Amino acid sequence: MKPILEIQDISKKFRISHQTGSYLNLRERVVNALKFEKNSTEDFWALKDISFEVQAGESIGIIGRNGAGKSTLLKILSKITPPTQGRIISRGRIASLLEVGTGFHPELTGRENIFFNGSLLGMKRKEIESRFDEIVDFSGVEKFLDTPLKHYSSGMQLRLAFAVAAFLEPEILIIDEVLAVGDAEFQKKCLGKMEDVSKSGRTILFVSHNMDAVLSLCKSGILLKEGGIDVFGTTQDVVKKYHLEMDQNVLSIENEVIKFIEIKQIDEGLLLTVKFNTKTPIDYPNLGFSIADISGHAITGTNPRKSKREFPNFSRSEGVIEVKIQSPKLSNGTYQLFVWFGDWHSNFFETKDPILFQINDIAEEHNRNPKLDGYVIPHCEWTVS
Amino acid sequence: MQKDIEYIIEPTEKKFLNFAVLWQYRELFYFFTWRDIKIKYKQTALGFLWAILQPLLMMSIFTLFFGRALNIPSQNLPYPIYVFSGLLIWNIFSTGLNNAANSMVNNASIIKKIYFPRLIVPVSSILVALFDFLMALILFISILIFYKQPVSWTIVFYWPFAMLFSVIATLGLGCWLAALNVKYRDFRYVIPFLIQVLFFLTPVLYPISLLKHPLLQYALATSPMYIAVEFFRLPLTNTLPNMDFVWISLASNIVFLLIGVIYFRRTEDFFADFA
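Cut-offs and rules
Residue numbering note: each chain is counted from 1, following its sequence as written. For this description, chains carry letters from A and ligands carry numbers from 1, given in the order in which they are written. Only residues with pLDDT of at least 70 are given local features in this predicted model, and only at 80 or more are side-chain atom pairs given and counted; all residues enter the totals for whole chains, interfaces and linings. Note on conventions: DSSP H or I runs of at least 4 residues are helices, E runs of at least 2 residues are strands, and numbering of each starts at the N terminus. Three classes are used. A residue is buried when 20 or more other C-beta atoms lie within 10 Å of its own, exposed when 12 or fewer do, and partly exposed in between, with C-beta atoms placed from the backbone. Each residue gets a C-beta atom placed from its backbone, and two residues are in contact if those atoms lie within 7 Å. For a compact globule the rule gives 2.2 Å times the number of residues to the power 0.38, and the radius of gyration it is set against comes from C-alpha atoms. Axis angles are defined between N-to-C directions and span 0 to 180 degrees, where every axis is a line fitted to C-alpha atoms and, for a helix, only to the segment in contact. Any angle between 65 and 115 degrees counts as roughly perpendicular, while under 35 counts as roughly parallel, over 145 as roughly antiparallel, and the rest as oblique. Crossing chirality is assigned from the near helix's rotation relative to the far helix, an anticlockwise turn below a right angle marking it left-handed and a clockwise turn marking it right-handed. Every residue is assigned a pLDDT by the predictor, reflecting its confidence on a scale from 0 to 100. In this count, Pro and Cys sit with the nonpolar residues alongside Ala, Val, Leu, Ile, Met, Phe, Trp and Tyr, while Asp, Glu, Lys and Arg are called charged and the others, Gly among them, polar. We treat two strands as partners when DSSP finds at least two bridges between them.

Right, let's get into the overall build of chain A. Secondary structure assignment for chain A yields 9 helices and 20 strands. Within the span of chain A, comprising 385 residues, buried residues form 36% of the whole. In chain A, the share of contacts with a sequence separation of at least 24, taken over all contacts with a separation of at least 6, comes to 71%.

Okay, structure coming up:
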């Protein structure tokens, strides 16, 4: 049998302009045309020679760091943006969920939004009508069907959005990180629904930072690195490789106040190292950090100012800050790190994308489930009397 | 499972218009139009009445200044009817062009996340203007009855064509501006100005014969909307316009359609990268 999806040497080039924002400005165009110097643009290959095949019924997890090219690959597969080179042969209808609730409008009622969103996702009006009750049932918002969406809570909007998407029936379903939102119970429901979809013989391409979800949903996986395929194999192998790379997690940055950020696990604690270089000497360097779970909910964080730590006057422009984080003890899993840096008064730097890191080999309690027991392992002394 | 589907995603698609794909997505035209009409009138207290009130108020103002004060000739029609008929068909163009030109930018969040033939967006926004037109048309017909205005039977032929040509004129320029607006946001400021200029350059408020110099008359006939306005009034005035002008306007109508749609199609693949 021919593969349902053949990706052949896909590459995507972006032109980065160093002067303008994301869209062009006519004045700049005119000015640049008058000036003789070349516009300072730079080619950037977001994807380079990606080739792989997907068999019908397979579900494949696509993982990689921020900027590895995952989103670009999904956008090309969903026909939102064309590849610069290469081609894709698809032998089935593709539906993509790069976001839940695309096109939802606050002025429309729940019922109206179901129809518009469903139609955008490629459902026929008749399909939506015949599945309408199931969609409403799954979302659990039947009481508010004729209320404008602006009166919904964000949780209700999300449930409604996922419910519409859950009843798509394409041969190939492309999903991007939609599970990273919503409460734990709802995430479980979504994951369950996606397992049903994959069991019914449809093909799924799933991009996520949530390794647990990838492991439970996909048999094989692709690890993207700097626009190319690093590993293509079983999910276990790919996730292992990903964790391996994450373990030595260093983020180096050019042209910024912060030169690098590193987070390492040392025994059961963490060591955060940040190197900075400011233009003018800085009296009181102030580094803030925040650790969040894989869905982005903050778990813990602080900065010296908050914890009222006094430092001697620093008065230099270059230095290294080390933070030993000994408590709280986190359970095994993947976490996100955010970092801020500044002086006592203002911020000079903050991480835009989270830095992912891994906690391994913590001597955990038996059967610990972070979704129920939390990510922080309590230190307890028990007495029974 | 359908086994016979096979399609290819490649760097660029070369077709002028891919009718098969547009047909496949036909329901989306309806849904976009339906959504925009709902949203447009949902928050207003008077709702659909605005579609009628706006041309009615404009008619009163223009009748007062142009008809009474300046005494502009109106091809033997009562001036209110003359100006209302012009405004009615003109509003398809002005509202439609304004909607279409901003449509891609306004729907950027959808365009970045979901694939569908992009042409649906400007086309639907023009259909919204057509809906307003049909609302106001009811009022216009009652005004015709009120003035006991005789109407030629050719109305069944000229009115649909007037509507068709105004939609084509709007579509051509609308697609062009929509695509340019995604690339250069400067066009956002050009659009209202452009519509205003074209309004005075198209014989909406005055007959083309008001201009004495024949060269000027030819120049005005290049407006893609000239043919629509003339055709719409024809069954009322019963005077045939100069056929040269009609052909010029028709040619300009079609040239703009081709330029607009071709430019749109050539750039649509990259909307998601720019928007």
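A count of helices and strands for chain B gives 12 helices and 1 strand. In chain B, the order of α-helices and β-strands from amino to carboxyl end is β-α-α-α-α-α-α-α-α-α-α-α-α. A globule of 275 residues ought to have a C-alpha radius of gyration of about 19 Å, and chain B, at 20 Å, matches this closely. For chain B, the spread of C-alpha atoms along the three principal axes comes to 65 × 45 × 40 Å.

A few words now on the packing of helix H4 (residues 125-139) of chain A against helix H5 (residues 154-166) of chain A. Residues and elements named next belong to chain A. Where H4 contacts H5, the two axes come as close as 8 Å, and the packing angle between them is 140 degrees. Here H4 lies oblique to H5, going by the angle between them. The handedness of the crossing between H4 and H5 is right-handed. Touching Ile135, Phe138 and Ser139 of H4 are Arg159, Leu160, Ala163, Val164 and Ala166, all from H5.

Moving on, we come to the environment of Ala219(B). Here Ala219(B) lies in helix H9 (residues 214-221). Judged by the 13 C-beta atoms lying within 10 Å of it, Ala219(B) is partly exposed.

Further remarks concern the confidence of the model for chain B. Overall, the prediction assigns chain B a mean pLDDT of 87, with 96% of residues at 70 or greater. Predicted confidence in chain B is weakest over strand S1 (residues 7-9) of chain B, with a mean pLDDT of 77, and strongest over helix H7 (residues 155-183) of chain B, with 93.

Before going further, it helps to examine the interface of chain A and chain B. Each side of the interface is counted separately: chain A has 37 residues, and chain B has 31 residues. Here the side of chain A that touches chain B is composed, by residue class, of 15 nonpolar, 11 polar and 11 charged. Here 3 bridges tie strand S4 (residues 85-90) of chain A to S1(B), and the two strands are oriented antiparallel to one another. Looking at the pairing, Ser90(A) lines up with Tyr7(B) of S1(B).

Our focus in this paragraph is the pairing of strand S3 (residues 59-64) of chain A. All names here are of chain A. In terms of burial, S3 is largely enclosed, as 6 of its 6 residues are buried. Relative to strand S8 (residues 220-225), S3 runs parallel, the two sharing 5 bridges. The residue of S8 that forms the bridge with Ile62 is Ile222.

Bringing helix H2 (residues 70-77) of chain A into the picture now. For an α-helix, the turn length of 3.6 residues means that residues three or four places apart are oriented alike. All names here are of chain A. Across the 8 residues that make up H2, a large majority, 7, are buried. Residues of H2 that are buried: Lys70, Thr72, Leu73, Leu74, Lys75, Ile76 and Leu77. Residue Lys79 follows H2 closely and has a positive phi angle near 65 degrees.

For the rest of this paragraph, the subject is the sheet that holds strand S6 (residues 172-176) of chain A. Residues and elements named next belong to chain A. The strand order S5-S6-S7-S3-S8-S9 describes an open sheet built from 6 strands, whose pairing is mixed. Strand pairing shows two members of the sheet lacking a second neighbour, strand S5 (94-97) and strand S9 (228-234), which therefore form its edges. Taking each pair of neighbouring strands and ignoring which way they run, the sheet shows an average axis angle of 15 degrees. Pairing geometry for S6 and strand S7 (residues 203-207), over 5 bridges, is parallel. Bridge assignment links Ile172 to a residue of S7, and that residue is Thr203. Along the sheet, H2 makes contact with S3, S5, S6, S7 and S8, crossing S6 at roughly 150 degrees.

Residues and elements named next belong to chain B. As a packed pair, H7 and helix H10 (residues 226-237) sit with axes 8 Å apart at the nearest point and diverge in direction by 165 degrees. The pairing of H7 with H10 is recorded here as roughly antiparallel in orientation. Crossing angle aside, the handedness with which H7 passes H10 is left-handed. Listed contacts from H10 to Ile155, Tyr158, Trp159, Phe161, Ala162, Phe165, Ser166 and Ala169 of H7 are Ile227, Ala228, Phe231, Phe232, Leu234 and Pro235. Residues of the contact of H7 with H10, tallied by class, amount to 13 nonpolar, 1 polar and no charged.

Right, let's get into unusual backbone geometry. Residues Ser327(A) and Pro328(A) are joined by a peptide bond in cis, for which omega reads 5 degrees. Its place among the elements puts Pro328(A) in the loop between strand S15 (316-325) and strand S16 (329-330). Phi at Asp9(A) takes a positive value of approximately 50 degrees, unusual for a residue other than glycine. Its place among the elements puts Asp9(A) in strand S1 (residues 5-17). Overall, Asp9(A) belongs to the partly exposed group, with 13 C-beta atoms counted inside 10 Å. Backbone geometry at Lys148(B) places phi at a positive 50 degrees, although glycine is not the residue there.

This brings us to the environment of Gly319(A). All names here are of chain A. Along the polypeptide, Gly319 turns up in strand S15. Placed 15 residues apart in sequence, Gly319 and Pro304 show a C-alpha to C-alpha distance of 16 Å. Residues in contact with Gly319, not counting those within four places in the same chain, are Phe276, Pro285 and Phe314.

The next point concerns the environment of Glu195(A). Residues and elements named next belong to chain A. Tracing the backbone through its elements, the reader meets Glu195 in helix H6 (residues 184-199). Exposure remark for Glu195: the 14 C-beta atoms within 10 Å place this residue in the partly exposed category. Sequence-wise, Glu195 and Ala213 are 18 residues apart; in three dimensions their C-alpha atoms are separated by 10 Å.

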